[in-house]
Amino acid sequence: MTTRRLETRHGTIEFPTFMPVTTFGAKYPLDDLVRPYLRRFAQCVMVSYHYAKQMKRHERPNLPLFIDSGGFASLFEGSEIVDEGGYASIRTKEGDVISPPDVLAFQEEHADIGATLDFVIPPGMDKAEARYRQDLSFKNAAWALKNRKRTDLRLFASIQAWDSDSAANAMTKLADSPFDGFALGGMVPRVRNPDTILDIVRAIRQLEPNKPLHVFGAGHPSLLERLFVGGVDSTDSSNFVRAAVDRNYFDRSVGSRPEIVDPYNVTGCTCPACNVFKTGFFQLRGESNAFGLALHNLATLSRAATNACAAKVY
Amino acid sequence: MNVPMQPKLFPPQAELLKHGYLQSEDNWLICAPTGAGKTRMAEWAVDRVVQSDYRAAYLAPLRAIVEERLADWTDRFPHWQLGLFTGRATKKAARAAPKDETVLLFTAEKLASYLNNWKRHLRWIADLDVVVIDEIHVLGDPNRGAPLEALIGRLQRINPFLRIIGLSGTLSNHQEIADWLRARTFVTDWRPIPVEHRIRRFKRPADKVEILLEEVGGTLAEDGRVLVFVNSRRRAEAIAAELRKQGIVVDFNHAGLSQKQRARSQDALKAGELQVMVATSTLEMGVNFPARKVIIHDAYTFDGERFGPLSIGRYRQFAGRAGRAGYDRQGESVLLLPVWHREGERYLTAEPEPARSALFSTDNLLREILVEIAGRLSISREHLEVNFASRTLWRAQGGRQSLGAYVSHLIQAELLRETEKAEHTYLSTTALGRIAAQMALSPYTIGLLVDVYRSVDAPTLFDILLTACLAREATPKLGFAFQEIDQMADVLLDTPSALLDRKADWFLAPGRGIQEKPLLSAVKCAVLLFQHTQGDSIEQLAADYDTYPADLRLLREHVGWVLDAAERVFGLLARPKTDDGEERPHDAAPSLQQANARSIKLMVQYGIPTDALGLTKVPGIGPKRAQALVVAGIRTPAELRDATPEALAEILRLKPGTVSGLQKDARDVDWTGDNSAQAQPPSSDRLPERSNKQRLRTGPWPEDIDPYRLRRALELNIDHASVEVLRISGGAEPHRIDVAEDGLRRRTYTCDCADFKKGTPNCKHVLRARLEHHDQTLLDLLRRWQDLKPQALRYSLGELWIRSGRTFDAFHGRDIDYQGSRFLKHTQTKRHNR
């Protein structure tokens, strides 16, 4: 595992690293409580384009910000992908349009890292449709690269792939282009098949061994370590917060899903939350309890990178 | 690290570094004597944080200490961006919350107020990496301890990354506190300047002067300086006067002085302009004063209610002031004790009293539960147990296992409500509870306001003022002297007041949390403040009632706070409720109670009567100008407008240009004077029927026994009794009674107090001795007091004064855990044997 770094306007990111997802606006109030603490755990924060648009200036975390394209909206019911010629957009049922120009303009104003607009390929999708979406994702990546004005905006090309062949196909098209990194999407529905994900990662790495590789939506403690050891540089997830709301306590030793672990029997975690909160705290429903549990979960995910570094044998 | 290490580290500092302190991520509890370098240890931790782009906080119990720290750090650490946050929580103050400062200095009260709205302040709270808590032994203080204890728990829960560094010079149960904080301890008794501790013995209190002069003289002869600690303000002034007569350059310092006066004398001592400073306990905590010798003049201290022996902790705090680094090779601490005081050596050898959680006080615990629920850090009974109680020192020291009873009390008091949702039961504050939490008021205070609102149909201005003075927050509680009753008679007898017409027992009913002494004090405070609204200046009132202007000003400020609460509570109670029990917002005119609360608050704040309230509407007219106008006969905006500019300029001592600006502003004020509810001129219908002023006395009484002295006697303790000698304490000084018996077994008593020497054969000490000998005359008098018939409060202050205090309760069987119960048993036996 090569140690990679990425210089951004708001600081240097040393890989591997976990990037916690945050939101803005009123929909997820727990995010507001957790956000001030993100810089204690993370080197970079991930925000979706949709929520980033609701960010007020004073709310911006004092960290590098990775703003994705909002391409997951292509999965919403009633959403339409529209090929505009030079690029492709998403039109939602409500009439909102997510287009590469809008996304890039926003990223140039607010982001340190931006991912190009892609179209999610869920498992089981018809192969022709899948290839079509992949091609449109390449088109958007090319458009963004050509139209980027802010030179210190780190631009990651979004890749959609469903197996090692499709991943290799994608990297063949993108490998020599001057992107700053690559972001692999569509893995969230595939987290139960970590071997598939790792095959895809290996395929990418064979053709692009050097640039940073990010995987969207991977937020399970044991999966993270495998991905980092397998060549991924960063992942993001909001899982730590959602799990806290459901009173799920992350434990590195538990399999690929976070299970409810009886806090009465948990020992050994020395994260700040576990140092402060007493037995039974994490089992209670309540905002302050969920807050404490979210911090613990985030600490566990953040440690995955450190554990991966320690596990790697050169 | 940018904090310069001094050229040579003190041994404790070097030792602490060897423990890995600079790299440590732990909490720390550092216990070291004054001068051992604790502050430097804290500065290392602060600077480390400042370098790391996070923030540090410093917390101390007194504003004076925080301000001293600010001044020192501003000087020495220009790269620290310092912010000072003290004072009461108000809306304006909330806007003055931390912004970009890197080192935040708080009083505990102020930080606690921010934590009550922690979500609003989360941005900077989350940035805190370390908080230094100075004088952390204050955890054991009955008033300051509870907010500090609760604050620590809340801070840790809101910001689990925070490290705590506690500093103390006098904490005997440091391991217990460290375990609670989950902190490492560092304990040392090293001092840069060793202190020699001595005890000087006196036979009679009058001998103390000579000892004092000798000790002071000895140190001054060697060009040293002396700090003398005494147990009362009057004593500080008297001793300073006595020393001044001897040609010594001396000043005194106590809480009754204004801030300016205190600062002046403190600066003079620091600058070396004084040889001796005489002070009460205000200086003992942490504020830095150099002196070679410390003399602890009084071995008995007053806690606000009664005199008791000086505690070991307090002695250590006093003695810790002795010896100045760089000036003295050795410090001296001299404690004056009577010859018969057997346990003097304890002060030199024993550990200070352990700090015990102040949450063992019901009022404190109720208040913190309310704050916890109001801040939504806990939302149910279970949350209170797990989130809050389990993290308290109270629980660690054996506090009751369940908070259920306290929660039920708050629900009953309409400060909390319990609701069911999805098979769970949740707690939330009512609108009343939110007022209590936001304004940091005791639940008892809110209960009192509600009580008065509901039971008094048309409360007068005095009623509301008296209610505010009854609140626990209305401090300082002025001492009530028996002889002041007649002084207050005019106000007491002529002021319309439904509360003064109530029997005293109404106030003393169980559940109201009011006892005789606080009731008396509240009446006095209300009378004084009411007189202030009628034109008496603070200075005049202070002189008339033998108190200090600074105390009255502070009282006025605190009562104003409670009156603010009264206005809010009354406004709330006037609103109709929804089916869920929530108050509807409404736009109707304020109720009588609400309007009166607002009026009396302005009257007290400005020191003006009802009919001059219009002046408060004119911008630029503050209390001083309002009072000047009232004295000159100008009471309304219209009269202000119509006065000649020249006359106004003379009254207000302003330039004519400024005056015309005020008059212009007065033109814009729409004031009709009697705003129905607000101005309530006294009605003759409300005055109690009587033909003559009633004398506030206790009825027929033996000539040679002063009821005042007999009542005072009940407060005294017998420390030693033999056939011929009794030692009595419990007052400002201990005294000796010699007893002689003639052939007929009639006793005569001789006391060494000044009162006896002036010709009072039955001084309070003699009366106490006689009670100890079961003097039947005195016991009969006491029994007579037991049967006092209740009257309206305005007539019964004398009886209340007599009944106040635990000793009286013990004599009359209401409280059997006091030594006076022996007399009760004796009187009962006597009755039985007749």
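Every chain is numbered on its own, with residues counted from 1 as its sequence reads. The order in which chains are written sets their letters, starting at A; the order in which ligands are written sets their numbers, starting at 1. Whole-chain, interface and lining totals are the exception, using all residues; otherwise, since this is a predicted model, local features are given only for residues with pLDDT of at least 70 and side-chain atom pairs are given and counted only at 80 or more. Calculated side-chain values reflect all of the structure's heavy atoms, with hydrogen atoms and water omitted.

Bringing the overall build of chain A into the picture now. The helix and strand inventory of chain A stands at eleven helices and 13 strands. Note on method: radius of gyration uses C-alpha positions; expected globular size equals 2.2 Å times residues raised to 0.38. For 314 residues, the compact-globule estimate of 2.2 N^0.38 gives 20 Å, and chain A sits close to it at 19 Å. The 314 residues of chain A split such that 60% are buried. Residue contacts are defined here by distance: any two heavy atoms, one from each residue, within 4.5 Å place the two residues in contact. Sequence-distant contacts, at least 24 apart, represent 68% of the contacts inside chain A between residues at least 6 apart. Accessible surface is estimated by sampling points in the Shrake-Rupley manner with a 1.4 Å probe; for residues, cover comes only from the protein chains shown. Carbon together with sulfur atoms contributes 49% to the accessible area of chain A, which is approximately 12900 Å² in total. Counting 37 positive and 36 negative side-chain charges, chain A places the averaged centre of each group 3 Å from the other. Put simply, DSSP marks the helices as runs of H or I at least four residues long and the strands as runs of E at least two long, and each gets a number from the N terminus on. Burial classes follow relative accessibility: with a 1.4 Å probe on protein chains only, a residue under 20% of its type's maximum area counts as buried, one over 50% as exposed, and anything between as partly exposed. His is not counted here, nor are the chain ends, while Lys and Arg score as positive and Asp and Glu score as negative. Just so you know, the charge point we use is NZ for Lys, CZ for Arg, CG for Asp and CD for Glu.

With that settled, the discussion passes to the overall build of chain B. When you go through chain B residue by residue, the secondary structure sums to 38 helices and 21 strands. Put simply, of all contacts in chain B between residues at least 6 apart along the chain, 70% involve residues at least 24 apart. Carbon and sulfur atoms make up 48% of the accessible area of chain B, which amounts to about 36100 Å² in all.

Right, let's get into the sheet that holds strand S5 (residues 65–67) of chain A. Residue and element names in this part refer to chain A. Any two strands between which DSSP finds at least two bridges are classified as paired. Around the barrel, eight strands lie side by side as S3-S4-S5-S9-S10-S11-S12-S13; this closed barrel has parallel pairing. Sheet twist, expressed as the average angle between the axes of neighbouring strands with direction ignored, equals 25 degrees. With two bridges connecting them, strand S3 (residues 17–22) and strand S4 (residues 45–47) associate as parallel partners. When the bridges of S4 are listed, Thr22 appears paired with Val47. Of the strands in this sheet, S5, strand S9 (113–115) and strand S10 (154–160) are in contact with helix H4 (residues 100–110), which crosses S5 at around 175 degrees. Axes here refer to lines fitted to C-alpha atoms; in helices the fit is confined to the stretch in contact. Angles between the N-to-C directions go from 0 to 180 degrees. The strands that helix H6 (residues 164–174) touches are S10 and strand S11 (181–185); relative to S10, the one it contacts most, it runs at about 145 degrees.

For the peptide bond that leads from A:Phe15 to A:Pro16, omega is 0 degrees, which places it in the cis range. Counting through the fold element by element, A:Pro16 comes out in the loop between strand S2 (11–14) and S3. Here B:Asp53, not a glycine, exhibits a phi torsion of approximately 75 degrees, which is positive. Inspection of the secondary structure assignment puts B:Asp53 in the loop between helix H2 (38–51) and strand S2 (55–60).

It is worth spelling out the sheet that holds strand S10 (residues 250–253) of chain B at this point. Within a sheet, each strand pairs with its neighbour through backbone hydrogen bonds, oriented either parallel or antiparallel. All names here are of chain B. Across the sheet, which stays open at both edges, the six strands sit in the order S8-S15-S12-S9-S11-S10 with parallel pairing between neighbours. Two strands lie at the open edges of the sheet, namely strand S8 (195–202) and S10, each paired on one side alone. The mean inter-strand angle of the sheet, taken between neighbouring strand axes irrespective of direction, is 20 degrees. Inspection of the sheet shows strand S9 (residues 226–229) paired to strand S11 (residues 276–279) by four bridges, in the parallel sense. Across the sheet, residue Phe229 finds its bridge partner in S11, namely Ala279. Here helix H11 (residues 259–270) sits on the sheet and contacts S10 and S11; the angle it forms with S10, its principal contact strand, is near 135 degrees.

How big an interface is tends to be expressed through the accessible area that disappears when the partners come together. In this complex, chain A contributes 27 residues to the contact, which on the side of chain B involves 26 residues. Summing the contributions of chain A and of chain B, the shared interface buries around 2400 Å²; its carbon and sulfur component is 56%. Each salt bridge in this description consists of a side-chain nitrogen of Lys or Arg and a carboxyl oxygen of Asp or Glu lying within 4 Å of one another. Here chain A is connected to chain B by four salt bridges. Here B:Asp129 and A:Arg40 are joined by a salt bridge, their closest N and O atoms 2.5 Å apart. Any N or O atom pair separated by 3.5 Å or less is treated as a polar contact, with the protein-specific requirement of one donor-capable and one acceptor-capable atom, and with residues adjacent in sequence counted only for side-chain atom pairs. Between chain A and chain B we count 15 residue pairs in polar contact (both at pLDDT 80 or more) in total. Going through the elements one at a time, helix H1 (29–34), helix H2 (38–41), helix H10 (272–276) and helix H11 (287–311) of chain A are the ones with two or more residues in the side of chain A that touches chain B. By residue class, the composition of the side of chain A that touches chain B is 13 nonpolar, eight polar and six charged. Here's the idea: put two parts together, see how much 1.4 Å probe accessible area each one loses, and the total over both is what we call buried area. In this classification, Asp, Glu, Lys and Arg are treated as charged, Ala, Val, Leu, Ile, Met, Phe, Trp, Tyr, Cys and Pro as nonpolar, and every other residue, Gly included, as polar.

Moving on to helix H26 (residues 549–573) of chain B. By definition here, a helix of n residues has an expected span of 1.5 Å times n minus one. Helix length check: H26(B) (25 residues) gives 35 Å between terminal C-alpha atoms against 36 Å at 1.5 Å per residue, within 8%. Of all 25 residues making up H26(B), 19 are buried, and the element is well covered by its neighbours.

Counting through the fold element by element, B:Leu613 comes out in the loop between helix H27 (592–606) and helix H28 (623–631). B:Leu613 sits in the buried class, given a relative accessible area of 2%.

What follows deals with the packing of helix H15 (residues 381–388) of chain B against helix H17 (residues 404–412) of chain B. All names here are of chain B. Between H15 and H17, the shortest axis-to-axis distance is 10 Å and the interhelical angle comes to 130 degrees. Overall, the two elements H15 and H17 adopt an arrangement that is oblique. In this structure, the crossing between H15 and H17 has a hand that is right-handed. Along its contact with H15, which presents Arg381, Leu384 and Glu385, the element H17 presents Gly404, Val407, Ser408 and Ile411. In terms of residue class, the contact of H15 with H17 is made up of three nonpolar, two polar and two charged. Our angle categories are set so that under 35 degrees counts as roughly parallel, over 145 as roughly antiparallel, 65 to 115 as roughly perpendicular, and the remainder as oblique. In this scheme the crossing of two helices becomes right-handed for a clockwise turn of the near helix relative to the far one and left-handed for an anticlockwise turn of less than a right angle.

Another point: helix H30 (residues 645–652) of chain B. Residues and elements named next belong to chain B. Of all the positions in H30, only Leu648, Ala649 and Leu652 are classed as buried. The buried residues of H30 occupy one face: seen down the axis, they fall within an arc of 100 degrees. Exposed side of H30, more than 90 degrees from the buried face: Glu646 and Glu650 are the residues found there. Where H30 is buried, its residues contact H28, helix H29 (637–642) and helix H31 (656–667). At the C-terminal side of H30, Arg653 shows a positive phi close to 55 degrees. The arc refers to the directions leading from the helix axis to the C-beta atoms.

What follows deals with the pairing of strand S15 (residues 331–338) of chain B. Residues and elements named next belong to chain B. In terms of residue burial, S15 counts as a mostly covered element, since eight of its eight residues are buried. Residues Gly331, Ser333, Leu335 and Leu337 point to one face of S15 and Glu332, Val334, Leu336 and Pro338 to the other, with burial holding for every one of them. The pairing of S8 with S15 spans eight bridges and is classified as parallel. When the bridges of S15 are listed, Arg200 appears paired with Leu336. Relative to S15, strand S12 (residues 293–296) runs parallel, the two being bridged by four bridges. Across the sheet, Ile296 pairs through a bridge with Leu335, a residue of S15.

Moving on: the pattern of salt bridges. Working definition: two side chains of opposite charge can pair if their charged atoms are close together. A complete count under the given rule lists 68 salt bridges over all chains for this structure. The closest approach of N and O atoms between A:Asp83 and A:Lys139, which form a salt bridge, is 3.0 Å. With A:Asp83 in strand S6 (residues 80–83) and A:Lys139 in helix H5 (residues 127–147), this residue pair connects regions lying 56 residues apart in the sequence. Notably, a salt bridge pairs B:Arg154 with B:Glu372, separated by 3.0 Å at the nearest N-O pair.

Residues and elements named next belong to chain A. In strand S13 (residues 234–237), alternate side chains face the same way, and those of Ser234 and Asp236 on one face and Thr235 and Ser237 on the other are all buried. Here S3 runs beside S13; their pairing, made up of four bridges, is parallel. From the neighbouring strand, Pro20 faces S13, where its bridge partner is Ser237. In the sheet, strand S12 (residues 213–215) pairs with S13 via two bridges, with the strands oriented parallel. The residue bridging His214 from the neighbouring strand is Ser234, located in S13. In this fold, the crossover linking S12 to S13 by way of helix H8 (residues 221–229) has right-handed handedness. A crossover gets the label right-handed when its path from the first strand over the helix to the second runs clockwise, viewed with the strands pointing away from the viewer.

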